[in-house]
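Survey of secondary and tertiary structure
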Amino acid sequence: MVNKILLSLQDLKPEYQKLWNRCEIRPDKLSSTQNIVAKIIANRPRYEVIEQKINVPWYFVAVIHNMEASLNFTKHLHNGDSLKKRTVNEPSGRPLAGPIKGQEVGYTWEESAIDALTMKEFNRVKDWSLSAQLWQLERYNGVGYRQYHPEVLTPYLWSGTNNYKKGKYVADGKWDANAVSAQIGVVALLKVLIKEANINIQEDVAIG
């Protein structure tokens, strides 16, 4: 059972803020990060549709989309499975509602995205400060790093930055201490997005 403190936003806010403050994008990852951000900004209107419907910030949706589906609009936001049918991988069997009759694919990207986000109750979130967003994003991917490998900061957030070197789950429940995530993590994307898209996210004062 996961220690409750590991999932407490108030306990973790100072940690997230300090990690953010010291975080720098690795020079060899900067160009890739900028390219991904350019694609995100180009598709901003699609992400804003989700924001308008369930009040989840468009850029929050976008970074999840990149991590789970490499910005592919034919894939489920839940896990990157094909939209032609319900998800197969964890979480499986989503969305619960059947696809709309006559659609060329099983689900639209928007239907899937809303299901993935409301399943995690992001539509009920009130605190969209920077630290709170990082907490929600880590929970979205899972707290296995924090619970079982606290010596490694989750690459879901920190890959591509000076806060991550190696160690990752190469499959569900399968840990490799020497594997290195090839993805650009959420934080690197947000660092560039904030500048390029003029996003204003409330930060917390780091303690200590």
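Residues numbered from 1 in each chain as written. Predicted model: local features only at pLDDT ≥ 70, side-chain atom pairs only at ≥ 80, totals over all residues. Heavy atoms only, no water.

Structural notes on the layout of surface pockets
Reported here for the largest pocket is a volume of approximately 890 Å³. Around the largest pocket sit 27 residues that line it, and E68, N141, G142, Y156 and D172 are the ones nearest its centre. No other element matches strand 1 (residues 168–171), which puts four residues into the lining of the largest pocket. Residues belonging to the lining of the largest pocket are distributed by class as follows: twelve nonpolar, nine polar and six charged. (1 Å grid on protein atoms, 1.4 Å probe; cavity = no way out; pocket = protein on both sides within 12 Å on 5 of 7 lines; lining within 4 Å. Points joined across faces, edges and corners; volume = space filled by probe spheres on them. Helix = DSSP H or I, 4+ residues; strand = E, 2+ residues; numbered from the N terminus. Nonpolar A, V, L, I, M, F, W, Y, C, P; charged D, E, K, R; others polar.)

What to know about the pattern of salt bridges
Per the counting criterion, the structure on display carries seven salt bridges. Between D127 and K13 there is a salt bridge, with the nearest N and O atoms lying 2.9 Å from each other. Separated by 114 residues along the polypeptide, D127 in the loop between helix 5 (109–119) and helix 6 (130–141) and K13 in helix 1 (residues 9–22) bring together distant segments of the chain. The partner of E48 in a salt bridge is R44, with the nearest N and O atoms 2.8 Å apart. Of this pair, E48 and R44 both sit in helix 3 (residues 44–54), separated by four residues, roughly a single helical turn. Owing to a relative accessible area of 27%, R44 belongs among the partly exposed residues under this scheme. By sharing partners, the salt bridges in this structure join E15, E138 and R146 into a single network. (Salt bridge = Lys/Arg side-chain N within 4 Å of Asp/Glu carboxyl O. Buried < 20%, exposed > 50% of the residue type's maximum accessible area, 1.4 Å probe, protein only.)

Details of the confidence of the model for the protein
Scored by pLDDT, the protein has a mean of 92; 92% of the residues are at 70 or more. The low-confidence segment residues 1–5, where pLDDT is below 50, has six contacts with residues more than four positions distant or belonging to other chains. (pLDDT = per-residue confidence, 0-100. Contact = heavy atoms within 4.5 Å.)

A closer look at unusual backbone geometry
Between E90 and P91 the backbone carries a cis peptide bond, its omega angle lying at -5 degrees. Among the structural elements, P91 can be located in the loop between helix 4 (58–69) and helix 5. A cis amide bond links R94 to the next residue, P95, at an omega of -10 degrees. Relative to the elements of secondary structure, P95 occurs in the loop between helix 4 and helix 5.

Quick notes on helix 6
Under the 1.5 Å per step criterion, the end-to-end length of helix 6 is 17 Å for twelve residues, consistent within 8% with the ideal 16 Å. Where burial is concerned, most of helix 6 is hidden: ten out of the twelve residues are buried. Of all the residues in helix 6, the buried ones are L130, S131, A132, Q133, L134, W135, Q136, L137, E138 and Y140. Against the buried residues of helix 6 lie helix 1, helix 4, helix 5, helix 7 (144–148), helix 8 (155–158) and helix 9 (186–196). Directly beyond the C-terminal end of helix 6, a positive phi value near 120 degrees is found at G142. (Expected span 1.5 Å × (residues − 1).)

As for the pairing of strand 1
As a general feature of sheets, a regular strand has side chains that alternate between the two faces. Relative to strand 2 (residues 174–176), strand 1 runs antiparallel, the two sharing three bridges. The partner of K168 across the bridge, within strand 2, is D176. The turn linking strand 1 back onto strand 2 is made up of two residues, and G173 within it adopts a positive phi angle of 80 degrees. (Pairing = 2+ DSSP bridges.)

Some details on the nonpolar core
Among the nonpolar cores identified, the biggest contains 57 residues, and Y47, I64, L77, W109, F122, L134 and L193 are the most heavily contacted of them. Elements supplying a minimum of two residues to this core: helix 1, helix 2 (27–42), helix 3, helix 4, helix 5, helix 6, helix 8 and helix 9. Residue contributions to this core peak at eight residues, all from helix 4. In this structure, L193 is in contact with V37, I40, I41, W58, Y59, V63, N198 and I199, ignoring residues within four places of it in sequence. (Core = buried A, V, L, I, M, F, W, Y, C linked by side-chain atoms within 4.5 Å.)

What about helix 3?
For helix 3, the complete set of buried residues consists of Y47, I50 and I54. The buried residues of helix 3 occupy an angular sector of 50 degrees when projected down its axis, which confines them to one face. Facing away from the buried side of helix 3 by over 90 degrees, the exposed positions are P45 and Q52. Buried-residue contacts for helix 3 involve helix 2, helix 4 and helix 5. Immediately downstream of helix 3, the backbone of N55 shows phi near 60 degrees, a positive value. (Arc of directions from axis to C-beta.)

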